[in-house]
Amino acid sequence: MKYLILFLLPLISGISISDEKDWNDCIEKYDSKWGEQCTGCNVYKDSFKVFLKNTCNEAVDVQVAMQNTNKKWQVYYKGNLNQGDTLSAWACKGSGKWLYWTRKAGDTEIEFYNEYQINSIYKDY
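Just so it is clear, the model here is predicted, and its values are computed rather than measured. (Residues numbered from 1 in each chain as written. Predicted model: local features only at pLDDT ≥ 70, side-chain atom pairs only at ≥ 80, totals over all residues. Heavy atoms only, no water.)

## A few points about the packing of aromatic side chains
Each pair of aromatic rings is reported with the distance of its centres and the angle of its planes. We count it as follows: For Phe, Tyr and Trp, rings pair up if their centres lie within 6.5 Å, where Trp contributes its six-membered ring, and each pair is then called stacked (planes under 30 degrees apart), edge-to-face (over 60) or tilted (otherwise). Throughout, exposure labels follow a simple rule: accessible area from a 1.4 Å probe, protein chains only, divided by the maximum for the residue type, with under 20% read as buried, over 50% as exposed, and the rest as partly exposed. Strands here are runs of E lasting at least two residues and helices are runs of H or I lasting at least four, both read from the DSSP assignment and numbered beginning at the N terminus.
Evaluation of the coordinates by the stated rule reveals 10 aromatic pairs. Here the aromatic rings of Trp98 and Tyr100 are separated by 5.6 Å at their centres, their planes lie at 20°, and the arrangement is stacked. Note on Tyr100: relative accessible area 25%, which makes it partly exposed. Look at Trp101 and Tyr122: their rings are 6.1 Å apart centre to centre, the planes differ by 55°, and that puts the pair in the tilted class. A residue pair is termed long-range when its members are at least 10 positions apart, and Trp101 in strand E6 (residues 94-104) and Tyr122 in the segment after helix H2 (115-121) qualify at 21 residues.

Now the structure itself:
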């Protein structure tokens, strides 16, 4: 009976032990390539491209930052990425480093960093 009370206590008191979902878990990198032809790259022999997929059954918004060899980050955003949908992001002269942030689709209470903030915060990354 003691275990049942401990189990029901959060339900009765309205306290949630863990109802926050880590939306980053929805994104899976399924490939990456060097030297891929990329939109906007005049020369692409040094390009680095990542391919991502939403593995959750809910839509998400995703922001990806790709680092160039000059340590500047190029930022991509894709809203409402449904289950199974894919996206790619690239740097024309890539360092091979990339970051991403994910939130439930349309959840504007969670704000993504803008390109200026990313370049300031991750300048030494």
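## Remarks on the sheet that holds E6
Short version of the rule: Strands were regarded as paired on the criterion that DSSP finds at least two bridges between them. Every axis in this analysis is a line fitted to C-alpha atoms, fitted for helices over the stretch in contact. Angles between the N-to-C directions lie between 0 and 180 degrees.
The three strands are arranged E4-E3-E6 in an open sheet whose pairing can be described as antiparallel. Strands with a single pairing partner mark the edges of an open sheet, and in this sheet they are strand E4 (73-81) and E6. Between one strand axis and the next, the sheet turns by 15° as a mean value, whatever way the strands run. Examined bridge by bridge, strand E3 (residues 60-68) and E6 share eight bridges and lie antiparallel to one another.

## Observations regarding the state of the cysteines
As a reminder, the rule being used: Here, the term disulfide refers to a pair of cysteine sulfur atoms separated by no more than 2.5 Å.
Using the criterion set out here, one finds two disulfides in the structure. Each sulfur of the disulfide joining Cys41 and Cys92 lies 2.0 Å from the other. Disulfide Cys41-Cys92: torsion about the S-S bond near -85°, hence left-handed. Of this pair, Cys41 sits in the loop between strand E1 (27-34) and strand E2 (48-54) while Cys92 sits in the loop between strand E5 (86-91) and E6, and the two are 51 residues apart along the sequence. Under the relative-accessibility criterion, Cys41 is labelled buried at 10%. A relative accessible area of 19% means that Cys92 is categorised as buried. Of note for the protein: the bonded cysteines, numbered N- to C-terminal, pair according to 1-3, 2-4. For Cys38, which is in no disulfide, the shortest distance to another cysteine sulfur is to Cys41 and amounts to 4.6 Å. For Cys38, a relative accessible area of 6% corresponds to the buried category.

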